[in-house]
Number of protein chains: 2
Amino acid sequence: MIPEATIRRLSIYLRCLRYSLAQGEYIVQSMDIARKCRVSSSLMRKDLSYFGGFGIKGRGYDTKKLIEAIERIIGIHIKIKLIIVGMGNLGRALIRHLKEISYFKIIGAFDRDERKVGGKIEDVEVFHESRLPSFLRERKPEIALLAIPPESLQEVVNLLGEGEIKGILSFALSPVKIPVGVEISFVEIASEIEYLSYKINKRGREK
Amino acid sequence: MIPEATIRRLSIYLRCLRYSLAQGEYIVQSMDIARKCRVSSSLMRKDLSYFGGFGIKGRGYDTKKLIEAIERIIGIHIKIKLIIVGMGNLGRALIRHLKEISYFKIIGAFDRDERKVGGKIEDVEVFHESRLPSFLRERKPEIALLAIPPESLQEVVNLLGEGEIKGILSFALSPVKIPVGVEISFVEIASEIEYLSYKINKRGREK
């Protein structure tokens, strides 16, 4: 069982490695990457050891090969097909934000408001929410991003369950029943701010 | 030392409790809340025990009191003053998204593009980035949200360090040096999708 924290750090290593590669560092030492990523080099080596050895003892890592290996572990060596549900401010911002990332492909957007349906946002067609089950069966997106109010979460998750989706990333945090076989993660910006607030408060109390 | 995961679950409990309160449940059993939040009730009781006991044995929790207690622990019983740096799609969406939440107050927005400076977005004034240090000293926001490209992260963090900020929530993931005494968290949407992708891939391999 690989710890969740290890998997999450892989994304960070990937960004640090791409940064190094962009700077022309074709060979990197674990110490340098670890420092850039603000983890200890022993932790980084431990994280990578779960997936087999990549480094050559005393000679560091081949930056490009390590990037490719991590991309393969994460599964982004092939493009991931995404859909986005909810074309409010956040949903539209997500389309514009994610279309810049080469290994994501947004293949459709959805909303329940007829006035938003039919147009395109940055080349992504906006469909009515009721089209979700048939769209999923035909186009087989892997991950759905939900930029919807928490009150609609269960309803949209049910629609996604009628079709077939492998993963859901919800920007709304609310109690929800998930169809069997579907992975769900939550990114709720308010709770991230709350977490920071707790850490700041705690620091204040410790003084 | 309270585990990070416990703190993060507090935000989830809070949402489930507010949901229950909105449904008219003035007394809640830990079992019900735990089920709504998809954690075991023993885990929930353990999480709450770090902060002293709230429940009355056999009679459940007073929903409103438990909400207030958690809000106090997190530090959102008073409004948190926020600023947002970067008025691209994501930054503008953040203003619209967060202004709905009563315990946040966005007191200023910042960008380095002169053309974006001077106007207002949803009643929030947009200032030039160079104003950050003086703004921080005068208005004392607690947390800065950074919706900027990763290349600008260090520069903006340095500007924030010149003033005084307690916490930074960055939507850009990049190696960065943080001023002493500042808490930083990252929410990078791409790496959240990568994490889901890994879990989906792993499941595929296990079949």
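In this text, all values refer to a predicted model and were calculated from it rather than measured experimentally. (Residues numbered from 1 in each chain as written. Chains lettered and ligands numbered in written order. Predicted model: local features only at pLDDT ≥ 70, side-chain atom pairs only at ≥ 80, totals over all residues. Heavy atoms only, no water.)

Student: Got a sec to walk through the confidence of the model for chain A? Specific residues and values, please.
Tutor: Looking at chain A, the pLDDT average stands at 88 and 95% of residues meet or exceed 70. For this predicted complex, the interface confidence comes out at an ipTM of 0.83, alongside a pTM of 0.79. (pLDDT = per-residue confidence, 0-100.)

Student: An account of the sheet that holds strand S6 (residues 124–128) of chain A is needed here, citing residue identities and associated values.
Tutor: All names here are of chain A. Spatially, S5-S6-S4-S3-S7-S8-S9 is the arrangement adopted by the 7 strands of the open sheet, whose pairing is mixed. Of all strands in the sheet, those with a lone pairing partner are strand S5 (120–121) and strand S9 (183–186), marking the two edges. Two strands pair when backbone bridges link them, and strand S3 (residues 80–85) and strand S4 (residues 104–111) are joined in this way by 6 bridges, in the parallel orientation. Bridge assignment links Lys-81 to a residue of S4, and that residue is Lys-105. (Pairing = 2+ DSSP bridges. Helix = DSSP H or I, 4+ residues; strand = E, 2+ residues; numbered from the N terminus.)

Student: Quick rundown of the sheet that holds strand S5 (residues 120–121) of chain B? Include the residues and the values.
Tutor: Residue and element names in this part refer to chain B. With mixed pairing, the 7 strands of this open sheet are ordered in space as S5-S6-S4-S3-S7-S8-S9. Every other strand in the sheet has two partners, leaving S5 and strand S9 (183–186) as the edge strands with one partner each. Bridge count for strand S4 (residues 104–111) against strand S6 (residues 124–128) is 3 bridges, and the pairing is parallel. Residue pairing for S6: Phe-110 is matched across the bridge by Phe-127. Lying on the sheet, helix H5 (residues 89–98) is in contact with strand S3 (80–85), S4, S5, S6 and strand S7 (143–146); it crosses S4 at an angle near 165°. (Contact = heavy atoms within 4.5 Å. Axes fitted to C-alpha atoms, helices over the stretch in contact; angles between N-to-C directions.)

Student: Give me the nonpolar core: which residues, what numbers.
Tutor: Grouped together as the largest cluster of nonpolar side chains are 99 residues, with contacts concentrated most on Leu145(A) and Leu145(B). Leaving out residues up to four positions away in the same chain, Leu145(B) has contacts with Ile193(A), Leu82(B), Ile83(B), Ile84(B), Val85(B), Leu94(B), Leu98(B), Leu169(B) and Phe171(B). (Core = buried A, V, L, I, M, F, W, Y, C linked by side-chain atoms within 4.5 Å. Buried < 20%, exposed > 50% of the residue type's maximum accessible area, 1.4 Å probe, protein only.)

Student: Lay out the pairing of S3(A) in plain terms, naming residues and giving numbers.
Tutor: Residues and elements named next belong to chain A. A large share of S3 lies buried, amounting to 5 of its 6 residues. Tracing the backbone out of S3, into helix H5 (residues 89–98) and back to the parallel element S4 gives a crossover that is right-handed. Inspection of the sheet shows S3 paired to strand S7 (residues 143–146) by 4 bridges, in the parallel sense. Paired with Ile-84 across the strands is Leu-145, a residue of S7. (Right-handed = clockwise from strand over helix to strand, strands pointing away.)

Student: I'd like to hear about the pattern of salt bridges, residue by residue, with values.
Tutor: Enumeration according to the criterion identifies 31 salt bridges over all chains in this entry. The closest approach of N and O atoms between Arg9(B) and Asp47(B), which form a salt bridge, is 2.6 Å. Taken together, the positions of Arg9(B) in helix H1 (residues 4–22) and Asp47(B) in helix H3 (residues 41–49) put the pair 38 residues apart, joining distant regions of the chain. The exposure class assigned to Arg9(B) is buried, which follows from its relative accessible area of 18%. The network of salt bridges with common partners includes Arg96(A), Lys99(A), Glu100(A) and Glu122(A). (Salt bridge = Lys/Arg side-chain N within 4 Å of Asp/Glu carboxyl O.)

Student: An account of the domain arrangement of chain A is requested, with residue identities and associated values reported.
Tutor: According to the domain assignment, chain A contains domain 1 (4–73) and domain 2 (80–191). One C-alpha centre belongs to domain 1 of chain A, the other to domain 2 of chain A; they are set 32 Å apart. (Domains from an automatic or database assignment.)

Student: Before we move on, can you summarise the environment of Thr63(A) with the specific residues and values?
Tutor: All names here are of chain A. Looking at where Thr-63 falls in the secondary structure, it is placed in helix H4 (residues 63–74). Judged by relative accessible area, which is 0%, Thr-63 ranks as buried. Not counting residues within four places of it along the chain, the set of residues in contact with Thr-63 comprises Leu-17, Ser-20, Leu-21, Glu-25, Tyr-26, Ile-27 and Val-28. Of note is the side chain of Thr-63, whose polar atom sits 2.9 Å from the backbone oxygen of Tyr-26. (Polar contact = N/O pair within 3.5 Å; in protein donor to acceptor, adjacent residues only side chain to side chain.)

Student: Tell me about the interface of chain B and chain A, residues and numbers included.
Tutor: Each partner contributes to the interface: chain B provides 64 residues, whereas chain A provides 64 residues. Buried surface at the junction of chain B and chain A, both sides included, amounts to about 5700 Å², of which 66% is carbon and sulfur. Contact with chain A buries area across many residues of chain B, yet Glu194(B), Tyr195(B) and Tyr198(B) alone supply 12% of it, more than any other trio. At the boundary of chain B and chain A, one finds 8 salt bridges. We note a salt bridge from Glu188(A) to Arg15(B), for which the minimum N-O separation is 2.8 Å. Where chain B touches chain A, the interface holds 17 residue pairs in polar contact (both at pLDDT 80 or more). Mapped by element, the contributors of at least two residues to the side of chain B that touches chain A are H1, helix H4 (63–74), S3, H5, S7, strand S8 (167–170), S9 and helix H8 (189–206) of chain B. The element that contributes the greatest number of residues to the side of chain B that touches chain A is H8(B), accounting for 15 residues. (Buried area = accessible area lost by both parts, 1.4 Å probe.)

Student: So what's going on with the packing of helix H2 (residues 30–37) of chain A against helix H3 (residues 41–49) of chain A? Which residues, and what values?
Tutor: All names here are of chain A. Here H2 crosses H3 at 105°, and the two axes come no closer than 8 Å. Between H2 and H3, the crossing angle belongs to the class labelled roughly perpendicular. In this structure, H2 uses Ser-30, Met-31, Ile-33 and Ala-34 to contact H3, whose residues at the interface are Ser-41, Met-44 and Arg-45. Residue classes in the contact of H2 with H3 are distributed as 4 nonpolar, 2 polar and 1 charged. (Parallel < 35°, antiparallel > 145°, perpendicular 65-115°, else oblique. Nonpolar A, V, L, I, M, F, W, Y, C, P; charged D, E, K, R; others polar.)

Student: Explain the state of the cysteines to me, and be specific about the residues and the numbers.
Tutor: Residue and element names in this part refer to chain A. Taken as a whole and judged by the stated rule, the model has 2 disulfides over all chains. Across a sulfur-sulfur distance of 2.4 Å, Cys-16 and Cys-37 are joined as a disulfide pair. Placement of Cys-16 in helix H1 (residues 4–22) and of Cys-37 in helix H2 is noted, with a sequence separation of 21 residues between them. You'll find Cys-16 and Cys-37 in the same group, each marked buried. (Disulfide = S-S within 2.5 Å.)

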